[in-house]
Amino acid sequence: VSGEIVSVDAASIVVARRLGEGSARQIIPFDRVDPEALYSIVHRVLAPVEGSDHLRLADIAYQYGLFGAAARHYSEYAASQGGATSEIQEKITASQAKDISVLLDRSREDLKNELFSSARRLALDTMRRYSTHEAAKIIPAYLDDIARTAREAWVRDEALAKTKKLKAEWDRAEYEITVGRKYLDRARVLEQEALRDTARVGSAKDLFEDGMRHSRNADLAS
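All figures in this text were calculated on a predicted structure; none of them were measured in a lab.

Q: Would you explain the overall build of the protein chain in this entry?
A: Of regular secondary structure, the protein chain possesses seven helices and three strands. Mapped from its N terminus to its C terminus, the protein chain presents α and β elements in the order β-β-β-α-α-α-α-α-α-α. Per-residue burial for the protein chain yields a buried fraction of 32% across its 222 residues. A fraction of 43% describes how many contacts in the protein chain between residues 6 or more apart in sequence connect residues 24 or more apart. Surface accessibility of the protein chain: about 14,700 Å² in total, with carbon and sulfur atoms responsible for 53%.

Q: Would you explain the nonpolar core in this entry?
A: Of all hydrophobic cores here, the largest spans 25 residues; its most connected members are Ile13, Phe30, Leu38 and Val42. Of all elements in the fold, only strand 2 (12–19), helix 1 (35–46), helix 2 (52–63), helix 3 (67–80) and helix 4 (86–112) reach the threshold of two or more residues within this core. Setting aside chain neighbours within four positions, we find Leu38 in contact with Ile13, Phe30, Val33, Ile60 and Tyr64. Ile100, Leu103, Phe116 and Tyr142 belong to the second-largest nonpolar core, a separate cluster that totals 16 residues.

Q: Help me understand the pattern of salt bridges, please; the structure alone is not making it clear to me.
A: It is possible for side chains bearing opposite charge to pair when their charged atoms get close. A full pass over the atoms with the stated rule returns nine salt bridges. In this structure, Lys112 and Glu109 form a salt bridge, with 3.4 Å as the shortest nitrogen-oxygen distance. Within this pair, Lys112 and its partner Glu109 are both found in helix 4, separated by three residues, close to a single helical turn. The class for Lys112 is exposed, based on a relative accessible area of 60%.

Q: Explanation requested: helix 4 in the structure shown.
A: Each turn of an α-helix holds 3.6 residues, which means side chains three or four residues apart point in the same direction. The end-to-end C-alpha separation of helix 4 is 38 Å, in line with the 39 Å expected for 27 residues at 1.5 Å each. Residues of helix 4 that are buried: Ile88, Ile92, Ser95, Gln96, Asp99, Ile100, Leu103, Leu104, Ser107, Asp110 and Leu111. Positive backbone phi, at 60°, marks Glu114, one or two positions downstream of helix 4.

Q: Whenever I open this one, the sheet that holds strand 3 (residues 22–29) confuses me. Can you help?
A: Through backbone hydrogen bonds, the strands of a sheet pair up, either in parallel or in antiparallel fashion. Strands sit in the order 1-2-3 across an open sheet of three strands; the sheet is antiparallel. Each end of this open sheet is capped by a strand with a single partner; those strands are strand 1 (4–8) and strand 3. The sheet shows a mean angle of 25° between the axes of neighbouring strands, taken without regard to direction. With four bridges connecting them, strand 1 and strand 2 associate as antiparallel partners. In the strand pairing of strand 2, Val8 is matched with Ile13. Sheet contacts for helix 1: strand 1 and strand 2; angle to strand 1, the most-contacted strand, approximately 80°.

Rules used in this analysis
Residues numbered from 1 in each chain as written. Predicted model: local features only at pLDDT ≥ 70, side-chain atom pairs only at ≥ 80, totals over all residues. Heavy atoms only, no water. Helix = DSSP H or I, 4+ residues; strand = E, 2+ residues; numbered from the N terminus. Buried < 20%, exposed > 50% of the residue type's maximum accessible area, 1.4 Å probe, protein only. Contact = heavy atoms within 4.5 Å. Areas by Shrake-Rupley, 256 points an atom, 1.4 Å probe, with all protein chains shown as cover. Core = buried A, V, L, I, M, F, W, Y, C linked by side-chain atoms within 4.5 Å. Salt bridge = Lys/Arg side-chain N within 4 Å of Asp/Glu carboxyl O. Expected span 1.5 Å × (residues − 1). Pairing = 2+ DSSP bridges. Axes fitted to C-alpha atoms, helices over the stretch in contact; angles between N-to-C directions.

Quick look at the structure:
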């Protein structure tokens with residue numbers, strides 16, 4: 001959708017669009033707009049943001065899952081009013097709790113996918129941002145879980161790498177033994193033929209030499 005934003009109503013954006021020589025207005029419900037784009041549009045329309053504008057932005061941000069922004073604007077609104085009422089303080093606390101939950105869910109998803117650095121960074125950022133919040137008290141223990149899981153994964157990967165190396169060495173040894181056995185078996189056959197063909201010295205000599213060559217090949221294979 002392209003056009004000029006005319007206004008932002010309680011639950012929709014009004015956009016003016018050119019149609020040939022004229023123009024028309026289109027009403028776009030908030031639900032049809034990406035939450036971050038919606039927040040950006042409303043913020044831009046209200047700029048400069050002050051007073052009750054913060055409350056409006058906070059309510060929109062909370063409704064569409066942008067809890068960090070909601071907490072920030074509720075706090076800004078409280079500051080503009082000389083302090084937070086009990087109702088606004090409840091909204092600030094609830095927004096922060098929701099944001100903590102969202103951030104830690106993202107961290108746990110990274111942990112599940114063994115993205116340990118990202119999981120730890122998200123947890124630390126959350127703890128720094130909301131250090132005094134009740135919901136953040138679980139983070140130190142969770143950071144210990146991340147560290148323990150990372151160590152276990154490292155030990156597992158080291159063991160797996162060692163196992164793969166040992167298996168590769170075993171497979172190589174088996175191959176060499178198999179190849180060497182083939183040469184030795186062939187050498188034994190040739191030697192037996194040479195012993196049976198001693199009446200023909202030249203032929204027997206060739207067979208013995210051929211057998212010796214296969215024996216040497218068996219040594220090289222191993």
